[in-house]
Amino acid sequence: MAVFQLQKNGTNYICPKCGRLLRFVDGTAVQIVKGRADMASILPKYECHSCGIYFQELLGSGFYDEHDLPKTEGGAKNKENWVATGNLKPMELKRDANNQCLCPRCGEMMDYVEGRAVTLVNGRPDMENVKDHFHCSNCDSYFRRIATTNYFQWSEK
């Protein structure tokens, strides 16, 4: 990864690769990613969605390190076209030969998850996957079966 000293165009920084304005994103609280504390999330960054990269300052030096934007940012998940969860009515969903169907919320393919027996987690019954449901990994939506029908309703995890 390259290190850059970002140039300003008036009051905004510009991307050293394409010359477009960079979008400022303030730092957030520490996040746990894959079981580890992600300390980079607390630092502010400047994003260039046309190049798919972002820049973070190195220890207050005025020089910025270049990183690739994660797939969940920069338009990889086009949230603008998603249907709001409040607008999703119960619907009939049918799986294809690959145990998949089209997600009514984002339009990507979602997987059918067959129900399984109750399992014990930390001494308590885990009832989450007892009933058949569909799960979309793109928008992280769950569609759970309504009683014994072929109709499914969006639900929180």
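Structure's up top.
Residues numbered from 1 in each chain as written. Predicted model: local features only at pLDDT ≥ 70, side-chain atom pairs only at ≥ 80, totals over all residues. Heavy atoms only, no water.

Caption draft 1: Seen up close, the nonpolar core. Core analysis: the largest hydrophobic core is formed by 14 residues, its most contacted members being Leu 93, Cys 103, Met 110, Phe 134 and Phe 143. If you list the elements that add at least two residues to this core, you get β12 (109-113) and β15 (133-136). Setting aside residues up to four positions removed in sequence, Phe 143 forms contacts with Leu 88, Leu 93, Cys 103, Pro 104, Arg 105, Met 110, His 133, Phe 134, Phe 152, Gln 153 and Trp 154. (Core = buried A, V, L, I, M, F, W, Y, C linked by side-chain atoms within 4.5 Å. Buried < 20%, exposed > 50% of the residue type's maximum accessible area, 1.4 Å probe, protein only. Helix = DSSP H or I, 4+ residues; strand = E, 2+ residues; numbered from the N terminus. Contact = heavy atoms within 4.5 Å.)

Caption draft 2: Fine view of the sheet that holds strand β11 (residues 100-102). In space, the 6 strands of this open sheet follow the order β10-β17-β16-β15-β12-β11, with antiparallel pairing throughout. A strand with exactly one partner marks an edge of an open sheet, and here the two such strands are β10 (91-92) and β11. Relative to strand β17 (residues 151-155), β10 runs antiparallel, the two being bridged by 2 bridges. Note on β17: the bridge partner recorded for Met 91 is Phe 152. (Pairing = 2+ DSSP bridges.)

Caption draft 3: Molecular detail of the sheet that holds strand β7 (residues 45-48). Here 5 strands make up an open sheet; going across it, the order is β1-β9-β8-β7-β4 and the pairing antiparallel. Looking at strand neighbours, the two that pair on one side only are β1 (3-4) and β4 (23-25), the edges of this open sheet. As judged from the 3 bridges shared by β7 and strand β8 (residues 53-57), these two strands associate in the antiparallel manner. Paired with Glu 47 across the bridge in β8 is Tyr 54.

Caption draft 4: Examining a nonpolar patch on the surface more closely. Taken together, Val 3, Leu 58, Leu 59 and Phe 63 make up a surface patch of nonpolar side chains, about 420 Å² in accessible area. Looking at where Phe 63 falls in the secondary structure, it is placed in the loop between β8 and β9 (64-68). (Patch = residues over 30% accessible without salt bridge, like charges linked within 9 Å, V, L, I, M, F, W, Y side chains within 5 Å. Areas by Shrake-Rupley, 256 points an atom, 1.4 Å probe, with all protein chains shown as cover. Salt bridge = Lys/Arg side-chain N within 4 Å of Asp/Glu carboxyl O.)

Caption draft 5: Representation of unusual backbone geometry within the structure. Residue Asn 99 is not a glycine yet carries a positive backbone phi of 60 degrees. Among the secondary structure elements, Asn 99 is positioned in the loop between β10 and β11. Positive phi is not limited to glycine here, since Ala 147 has a value of about 50 degrees.

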